[in-house]
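Spelled out from the first residue to the last, the chains are:
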Amino acid sequence: MTMSIVAIFFFWPLAIPAIINASKVNGLLQQGDYAGAQAAAAESKKWSKWALIVGIVWFVIVIVCCALGGLAGIMGADTSTSSY
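A quick note: this is a predicted structure, and the numbers were derived from the prediction, not measured.

S.K.: What am I meant to see in the overall build of the chain here?
M.R.: Each helix and strand counted, the chain has three helices and zero strands in total. Shown N-terminal to C-terminal, the secondary structure of the chain runs as helices and strands in the order α-α-α. For 84 residues, the compact-globule estimate of 2.2 N^0.38 gives 12 Å, and the chain exceeds it by more than 25% at 22 Å. Put simply, the chain has 84 residues, and 20% of those count as buried. Across the chain, contacts joining residues at least 24 apart in sequence account for 54% of those joining residues at least 6 apart. For the chain, the exposed surface amounts to about 6,300 Å²; the carbon and sulfur share of it is 71%.

See below:
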């Protein structure tokens with residue numbers, strides 16, 4: 001459940017199914033459905049991993065674009081002080 005909650009901060013559309021599946025695990029264990037609990041835990045882990053991966057990739061893309069935009073602004077800036 002912890003990984004699912006952390007994943008919501010990275011990419012929430014994929015973290016929601018992870019939280020839903022993680023919340024099913026305890027109920028299935030109490031019912032004695034160990035195979036169902038393992039399947040729900042595996043699904044939760046899968047969705048959490050995808051949310052983390054997509055979120056980290058998105059964060060890296062944003063940082064690179066901001067850095068390139070700032071670099072382009074610095075390189076394109078007219079720093080001459082001569083007046084006409």
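S.K.: What is the right way to look at helix 2 (residues 12-31) in this model?
M.R.: Note on helix geometry: an α-helix contains 3.6 residues per turn, so any two residues three or four positions apart are oriented the same way. Relative to the 28 Å expected for 20 residues at 1.5 Å per residue, helix 2 spans 29 Å between its end C-alpha atoms, a close match to the ideal helical length. Along its length, helix 2 shows its largest kink, about 25 degrees, at Val25. Restricting attention to buried positions, one finds in helix 2 the residues Leu14, Ala15, Ala18, Asn21, Ala22, Val25 and Leu28. Buried positions along helix 2 lie against helix 1 (2-7) and helix 3 (34-76).

S.K.: I tried to follow the nonpolar core on my own but got confused; where do I start?
M.R.: Side chains of nonpolar character tend, in soluble globular proteins, to be buried together. Counting five residues, the largest nonpolar core is built from Ala7, Leu14, Ala15, Ala51 and Leu52. At the level of elements, helix 2 and helix 3 are the ones that each hand at least two residues to this core. Each residue touching Leu14, except ones within four places of it in the same chain, is listed here: Trp47, Trp50, Ala51 and Val54.

About the cut-offs
- Residues numbered from 1 in each chain as written.
- Predicted model: local features only at pLDDT ≥ 70, side-chain atom pairs only at ≥ 80, totals over all residues.
- Heavy atoms only, no water.
- Helix = DSSP H or I, 4+ residues; strand = E, 2+ residues; numbered from the N terminus.
- Rg over C-alpha atoms; globule rule 2.2 N^0.38 Å.
- Buried < 20%, exposed > 50% of the residue type's maximum accessible area, 1.4 Å probe, protein only.
- Contact = heavy atoms within 4.5 Å.
- Areas by Shrake-Rupley, 256 points an atom, 1.4 Å probe, with all protein chains shown as cover.
- Expected span 1.5 Å × (residues − 1).
- Bend = angle between axes of the 7 residues up to and from the residue.
- Core = buried A, V, L, I, M, F, W, Y, C linked by side-chain atoms within 4.5 Å.

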